[in-house]
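Residues per chain, in single letters:
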Amino acid sequence: MKIFSGTSNKPLALAIADKLDLKLSELEVFVFPDGEKRVRIIDKVLDEDVIVVQSTSNPADENYMQLFFIVDALKRSGAKSISVVIPYLGYQRQDHVFRDGEAVSLQVIVETLEAVGVDKIIALDLHSIKIPELFHLPIEHLSAISLFAKKIKENKWNDKNTVLVSPDMGGIRRIKLLSEELGNMPFISIEKNRDLTTGEVTVGDINEKVLPRAIVVDDMISSGKTIAVAANVLKKNGAEEVIVFATHPVFSIDAPKILQEGKLEKVYVTDTVFISKEKRFPKLEILSVSEMIAENIKSA
Ligand code: R5P
């Protein structure tokens, strides 16, 4: 087996390779002066099972194009099978038509991944449970929920002073799974609304009991507005401490500042998306999904 990495999240690819007792195989991504890229596989892959790790986070378009070219180059070099680890699947929030006239961007991505010759996808905490249905190839859908449960237990937060919180109705399934893993901890959900034109986030009042410690769990943090608004309403309703767990640190624009200055004490995310030094902040802690991905690859 050989493992390659695109350029979007090399630290995670290295960690996965390490846990598989493999070295990252060599490929070259050359950027022409006009921005176009040329991908070349350097190591031999003839008749090999190949893993490619590429998170399609910001810049999603570039990272996807690079991934398509890597897969094409591997195919042309005779790889036996190509499994692609996409720890964060870009465009996953555009998985259906929200308003008349919109493209279903994720469908276009899925069709392109299939067309270039991907044999299998490994992804984490997809925005909707229905996303795997868009693929006609095998997809392993892993979740960071067990990592979060472990951290909560380590901190002894699975106590009677703590409530799990979904920041929107779409996250109920996720919060139920975490609750079950933690021996049926109580959970509540906030009613969130996002203006599709401005992106502004508002929430309704909370009608359920908020306990002194609130643990908010989401699939991703992009602008940070969902979390900031959730933390505000939780504090207003009696929470003394707000802890956040989110799988994908998309961290657009000034999300790190919003989170650091928000009414919350701690933010746990995973390494599905690489976080540059400038985007790290004191309240942030990163949990690694490398072990989980490596175990999944080993068990295939
Ligand atoms: C939305 O349904 C997702 O689960 C996240 O809550 C959302 O994408 C977070 O985005 P932002 O950080 O921009 O509010």
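Summarised in this report is the structure supplied together with it. Remember, it's a predicted structure, so these values are computed and weren't measured experimentally.

This paragraph deals with the overall build of the chain. Looking only at helices and strands, one finds eight helices and 15 strands in the chain. In terms of overall size, the chain behaves like a compact globule, its C-alpha atoms giving a radius of gyration of 20 Å where 300 residues would be expected to give roughly 19 Å. Here the C-alpha coordinates of the chain stretch approximately 60 × 45 × 35 Å along the principal axes. Looking at the chain alone, contacts between residues at least 24 apart form 63% of all its contacts between residues at least 6 apart.

Reported here for the largest pocket is a volume of approximately 1,300 Å³. Mapped onto the lining of the largest pocket, the elements with two or more residues apiece are α5 (172-181), β10 (192-194), β12 (213-221) and α6 (225-236). In terms of residue class, the lining of the largest pocket is built from 13 nonpolar, 18 polar and 13 charged. Considering only enclosed or pocket space, the second largest pocket measures out at about 200 Å³ in volume. Ser-57, Asn-58, Val-273, Phe-274 and Lys-279 are the residues nearest the centre of the second largest pocket, which is lined by 14 residues in total. Each residue belonging to the lining of the second largest pocket can be placed in one class, and the counts come to seven nonpolar, six polar and one charged.

What follows covers helix α4 (residues 145-154). Taken residue by residue, α4 has Ile-145, Leu-147, Phe-148, Ala-149, Lys-151 and Ile-152 as its buried positions. Looking one or two residues beyond α4, the residue adopting positive phi is Lys-156, at roughly 55 degrees.

Another aspect to go through is the site of the ligand. Not every one of the 14 residues close to the ligand is listed here, only the nearest: Asp-218, Asp-219, Ser-222, Ser-223 and Thr-226. For the ligand, the protein covers 90% of the area, taking 370 Å² as the surface of the free molecule. More than half of the atoms belonging to the ligand lie within 2 Å of the grid points that define the largest pocket. Going through the elements one at a time, β10, β12 and α6 are the ones with two or more residues in the shell around the ligand. Considering every element that reaches the shell around the ligand, the biggest residue donor is β12, with four residues. Broken down by class, the residue content of the shell around the ligand amounts to two nonpolar, five polar and seven charged.

Moving on, we come to the sheet that holds strand β15 (residues 284-287). What the six strands build is an open sheet, ordered β9-β8-β12-β13-β14-β15; its pairing is parallel. For this open sheet the edge positions go to β9 (187-189) and β15, each flanked by a neighbour on one side alone. Direction aside, neighbouring strands of the sheet carry axes that sit 25 degrees apart on average. Alignment of β12 against strand β13 (residues 241-249), held across eight bridges, turns out to be parallel. Counted as the bridge partner of Ala-214 is Val-242 from β13. In this fold α6 packs onto β8 (162-166), β9, β12 and β13, with an angle of close to 165 degrees to the strand it touches most, β12.

Tallying each qualifying case throughout the model produces seven aromatic pairs. Measuring from centroid to centroid gives 6.2 Å for Trp-157 and Tyr-268, while their planes differ by 65 degrees, and the two rings are edge-to-face. One end of the pair, Trp-157, is in the loop between α4 and β8; the other, Tyr-268, is in strand β14 (residues 266-270), with 111 residues separating them in the sequence. Both rings, one in Phe-251 and one in Phe-281, keep their centres 5.9 Å apart while their planes meet at 50 degrees; by these two values the pair is tilted. Here the residue Phe-251 occupies a position in the loop between β13 and α7 (255-261), and Phe-281 occupies one in the loop between β14 and β15, the gap between them amounting to 30 residues. Neither Phe-251 nor Phe-281 differs from the other in exposure class; each is buried. Site record: aromatic cluster; members linked through ring pairs are Phe-148, Trp-157, Phe-245 and Tyr-268.

Right, let's get into the pairing of strand β4 (residues 49-53). With four of its five residues buried, β4 lies for the most part within the structure. Examined bridge by bridge, strand β1 (residues 2-5) and β4 share four bridges and lie parallel to one another. The partner of Phe-4 across the bridge, within β4, is Val-52. Relative to strand β5 (residues 81-86), β4 runs parallel, the two sharing five bridges. In the strand pairing of β5, Val-53 is matched with Val-85. The parallel pair β4 and β5 is bridged by helix α2 (residues 60-76), and the resulting crossover is right-handed.

So, on to the pairing of β14. Most of β14 is tucked away: four of the five residues are buried. Sheet analysis places β13 next to β14, joined by three bridges and oriented parallel. From the neighbouring strand, Phe-245 faces β14, where its bridge partner is Tyr-268. Each parallel crossover has a hand, and for β13 linked through α7 to β14 it is right-handed.

Parameters and conventions
Residues numbered from 1 in each chain as written. Predicted model: local features only at pLDDT ≥ 70, side-chain atom pairs only at ≥ 80, totals over all residues. Heavy atoms only, no water. Helix = DSSP H or I, 4+ residues; strand = E, 2+ residues; numbered from the N terminus. Rg over C-alpha atoms; globule rule 2.2 N^0.38 Å. Contact = heavy atoms within 4.5 Å. 1 Å grid on protein atoms, 1.4 Å probe; cavity = no way out; pocket = protein on both sides within 12 Å on 5 of 7 lines; lining within 4 Å. Points joined across faces, edges and corners; volume = space filled by probe spheres on them. Nonpolar A, V, L, I, M, F, W, Y, C, P; charged D, E, K, R; others polar. Buried < 20%, exposed > 50% of the residue type's maximum accessible area, 1.4 Å probe, protein only. Near = heavy atom within 4 Å. Areas by Shrake-Rupley, 256 points an atom, 1.4 Å probe, with all protein chains shown as cover. Sits in = over half its atoms within 2 Å of the grid points. Pairing = 2+ DSSP bridges. Axes fitted to C-alpha atoms, helices over the stretch in contact; angles between N-to-C directions. Phe/Tyr/Trp six-rings, centres within 6.5 Å; stacked < 30°, edge-to-face > 60°. Right-handed = clockwise from strand over helix to strand, strands pointing away.

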